[in-house]
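Coordinates in review
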Amino acid sequence: MSATTEVPVVGPREPCPCGSGKRYKVCHGKRAREAERQYVARPFAGLPGECDWVAMREIVSSATAPLRLTGDAAHRSAVVCTLLPGALPALVRDNGEILLALQTISSTGDPAADLGHTLAQALEAEPGNTVNPGPRPADAPRLHDLIDSDAEFSVTVHEGFDYWLDPESDTGSEARAALEEANSAIVPAARLSSVSAAYWCSLGDRDQVRWVLPHEEEPLLDGLARLHAAGTDTLGDGTRLLGTFRASGLLVPVWDLVDGTTADEVEKPAATFAERLDDAVADTSPLDHDQRRARAGLANRQVTIR
C-alpha cells in the first residue's frame, strides 16, 4: 500500500490495513489520535478573510467563496461552501471543480488541518465523486499549505442551496427533493458591505446582526465594555447588544434589531459603530467602575445562537 493510499479504519487490535504488520492502534490509528489531539485556538488565522471563514462555518446557512489553489493544483477550480448534501466534506463535479464544505459532522482540534486533508484528498479524487477523507494523519497539509494566502476571500451569501446542483449534469428527482427540504430550513442572511464579516440574519421572530471581529479577546471586551457603559454599544435606536460567543478563537457579538430592519438599513449604523469600536479597543487606560461592571457582564453572558 503506497503512502498516498487512504488507510481504512479498523478495530484497534486488528492488523493495520497499510501492511506494516502492526496492530492498527499502534500504527495508523495512533497517527489519527495524535492528529485529533492537536488543538489550534485560531485555526483560520493567517488566511485571507479569517473572520469570514469563521462566519461561514458558524453563522451563515448558505454561502460560497472561490478559492485560489497553489502549486501543482493552481489550475484547478475550487469553491469553499457552508454545507453540502448529507453534510459531505467535499465533492468533485464532473468537470473537476471541487466543492469543499465547512459545516460537516466531524471535526478535530484543528479545522484548518481537517479541511486541508479533505482538499488534498479531493485533488486526488476522480471527477463525479464525493470525498470522505477518513482519519486525518498527523502530517496532513493545512489549508494554509494549499491555498493562495494573497488571494481575496470573496463571500457570496445565497438564498438557498442551489449551488449544490451541477449546471452541467442532469439532476434527479431525489436530489431536487433534498434541495427543497434543505432550502425550507435555511436562515435568511446577508453580508454587510460597509464592514467586514458582519451578517444580518432573519430568524422569523426577530432580526439580528452577528459580527465576527478580528481583535484579541481581552482588548475587545474592554472596548465593548467602554461602549456599553457610555450607551454607545448599539447599532441604532431600539437595538441591543445581547452578548457574545466564541467561534474558532474569535469573539462574535450579537445584536437584536428592531423588528423588520433590513440589511441595507443597518449598513450605516454598523460602519459608525466600527469606528467607535476601533477607538475604544485602542484605549488602554484603566476601566472605571461602570466599565468594569459592563465587562464582567459581557464576560459572563454567553449567547446561544440557533
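The coordinates are above.
What counts, and at which threshold
- Position numbers for residues start from 1 in each chain and track the written sequence from start to end.
- Per-residue local features of the predicted model are confined to residues with pLDDT of at least 70, and side-chain atom pairs are confined, for both listing and counting, to 80 or more; whole-chain, interface and lining totals are unaffected and use all residues.
- Side-chain figures throughout are based on the complete set of non-hydrogen atoms in the structure, without hydrogens or water.
- A run of H or I in DSSP becomes a helix once it reaches four residues, and a run of E becomes a strand once it reaches two; helices and strands are each numbered from the N terminus.
- Note on contacts: a residue pair is in contact if any heavy atoms of the two residues lie within 4.5 Å.
- What counts as an axis is a line fitted to C-alpha atoms, over the stretch in contact for a helix, and the angles between N-to-C directions run from 0 to 180 degrees.
- In these notes the angle categories are as follows: under 35 degrees is roughly parallel, over 145 is roughly antiparallel, 65 to 115 is roughly perpendicular, and the rest is oblique.
- Note on convention: near helix rotated counterclockwise from far helix by under a right angle means a left-handed crossing. Clockwise means right-handed.
- Residues are grouped as follows: Ala, Val, Leu, Ile, Met, Phe, Trp, Tyr, Cys and Pro are nonpolar; Asp, Glu, Lys and Arg are charged; every other residue, Gly included, is polar.
- Strands pair, by our definition, only if DSSP identifies at least two bridges between them.
- Two rings belonging to Phe, Tyr or Trp (six-membered ring only in the last case) form a pair when the distance between their centres is within 6.5 Å. Interplanar angles under 30 degrees mark stacking, angles over 60 mark edge-to-face geometry, and anything in between is tilted.
- Categorising residues by exposure relies on relative accessible area from a 1.4 Å probe, with only protein chains included: less than 20% of the type maximum marks a residue as buried, more than 50% marks it as exposed, and the intermediate range marks it as partly exposed.

Here we take up the environment of Phe273. Assignment of secondary structure puts Phe273 in helix H7 (residues 263-282). Each C-alpha atom of the pair Phe273 and Asp72 lies 44 Å from the other, and the pair is 201 residues apart in sequence. Those residues in contact with Phe273 that sit more than four places away from it in its chain are Trp211, Leu224, Leu227, Thr232, Asp233, Thr234, Leu235 and Trp255.

Running from N to C, helix H6 (residues 217-230) and helix H8 (residues 289-300) point in directions that differ by 120 degrees, and their axes come no closer than 8 Å. Taken together, the axes of H6 and H8 are oblique relative to one another. By crossing handedness, the relation of H6 to H8 is classed as right-handed. Across the interface between the two elements, Glu218, Leu221, Asp222, Leu224, Ala225, Arg226, His228 and Ala229 of H6 pack against Asp290, Gln291, Ala294, Arg295 and Leu298 of H8. Here the contact of H6 with H8 is built from residues that sort into six nonpolar, two polar and five charged.

Here we come to the sheet that holds strand S8 (residues 198-202). Strand order in this open sheet of five strands is S7-S8-S9-S11-S10, and the pairing throughout is antiparallel. Each edge of the open sheet carries a strand with a single partner, namely strand S7 (189-191) and strand S10 (240-247). Pairs of neighbouring strands in the sheet enclose a mean axial angle of 20 degrees, with direction left out of account. Sheet topology note: the strand S9 (residues 207-211)/strand S11 (residues 250-256) ladder contains three bridges and is antiparallel. Note that in S11 the partner of Val209 across the bridge is Trp255. Most of the contacts of H6 go to S11, to which it runs at about 25 degrees, and overall it touches S10 and S11.

A few words on the sheet that holds strand S6 (residues 156-157). Reading across from one edge, S5-S3-S4-S2-S1-S6 is the order of the six strands in this open sheet, with mixed pairing throughout. Two strands lie at the open edges of the sheet, namely strand S5 (130-131) and S6, each paired on one side alone. Summarising the sheet, strand S3 (residues 90-92) and strand S4 (residues 98-101) pair through three bridges and their orientation is antiparallel. In the sheet register, Val92 faces S4, and the bridge partner there is Ile98.

Quick look at the packing of aromatic side chains now. Throughout the structure, instances matching the rule amount to seven aromatic pairs. Relative to Tyr163, the ring of Phe161 lies with its centre 6.1 Å away and its plane at 65 degrees, an arrangement referred to as edge-to-face. In terms of burial, Phe161 and Tyr163 fall into one category: buried. A centroid spacing of 4.8 Å and a plane angle of 25 degrees characterise the contact between Phe161 and Trp164, whose relative ring orientation is stacked.

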